[in-house]
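The primary structure of each chain is shown beneath.
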Amino acid sequence: MITETSAVSFRQNLGEMLNQVQYRHDTVVISKDGKPVAALVDARLFERIRRMQGRFDALCQRIEAGFANISEAEGLAEIETAIKLDRKLTRVATKKR
């Protein structure tokens, strides 16, 4: 479950919020001036996020290296072509139903 709270309320209820995260594995999103600025998550989830971030960064580097010799315009054109093809295939599949 995700709980949203203001920074002031978070400070006033820190113990309760820690219990929610620790024992119920909830997430608390903390807002300041109505905008989310932080999240309190349980330590196991945080560790998973850190591992996924590392893998995501490595994947981004591999993609960047693979497209290093392609101009931005060529890359965008290739993406646009792939989108059009996917939309066409989706329309065809939908019509067959």
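Residues numbered from 1 in each chain as written. Predicted model: local features only at pLDDT ≥ 70, side-chain atom pairs only at ≥ 80, totals over all residues. Heavy atoms only, no water.

Chemist: What exactly am I supposed to notice about a positive patch on the surface here?
Modeler: Taken together, Arg 87, Lys 88, Arg 91 and Lys 95 make up a surface patch of like positive charges. Summarising the element assignment, Lys 95 is placed in helix α4 (residues 72–96). Its relative accessible area of 73% is what places Lys 95 among the exposed residues. (Patch = residues over 30% accessible without salt bridge, like charges linked within 9 Å, V, L, I, M, F, W, Y side chains within 5 Å. Areas by Shrake-Rupley, 256 points an atom, 1.4 Å probe, with all protein chains shown as cover. Salt bridge = Lys/Arg side-chain N within 4 Å of Asp/Glu carboxyl O. Lys, Arg positive; Asp, Glu negative; His and termini not counted. Charge placed at Lys NZ, Arg CZ, Asp CG, Glu CD. Helix = DSSP H or I, 4+ residues; strand = E, 2+ residues; numbered from the N terminus. Buried < 20%, exposed > 50% of the residue type's maximum accessible area, 1.4 Å probe, protein only.)

Chemist: Help me understand helix α3 (residues 43–66) in this model?
Modeler: An α-helical segment advances 3.6 residues per turn. Residues three or four places apart therefore align on the same side. If you check α3, its first and last C-alpha atoms are 35 Å apart, about what 24 residues at 1.5 Å a residue would give, namely 34 Å. The distance from a side-chain oxygen at the start of α3 to the backbone nitrogen of Arg 44 is 3.0 Å, and the residue carrying that oxygen is Asp 42. (Expected span 1.5 Å × (residues − 1). Polar contact = N/O pair within 3.5 Å; in protein donor to acceptor, adjacent residues only side chain to side chain.)

Chemist: How do you make sense of a nonpolar patch on the surface when you look at a structure like this?
Modeler: Residues Leu 59, Ile 63, Phe 67 and Ile 70 make up a contiguous nonpolar surface patch of roughly 340 Å² in combined accessible area. Tracing the backbone shows Ile 70 in the loop between α3 and α4. When its relative accessible area of 32% is taken as the criterion, Ile 70 is described as partly exposed.

Chemist: Would you explain the sheet that holds strand β1 (residues 2–6) in this entry?
Modeler: Taken in spatial order, the 3 strands line up as β1-β2-β3 in an open sheet, and their pairing is mixed. Of all the strands in the sheet, the pair left with one neighbour each is β1 and β3 (35–40). Ignoring which end each strand starts from, the neighbouring axes of this sheet average 30° apart. Summarising the sheet, β1 and strand β2 (residues 27–32) pair through 5 bridges and their orientation is parallel. Each bridged residue has a counterpart across the sheet, and for Thr 5 the counterpart in β2 is Ile 30. (Pairing = 2+ DSSP bridges. Axes fitted to C-alpha atoms, helices over the stretch in contact; angles between N-to-C directions.)

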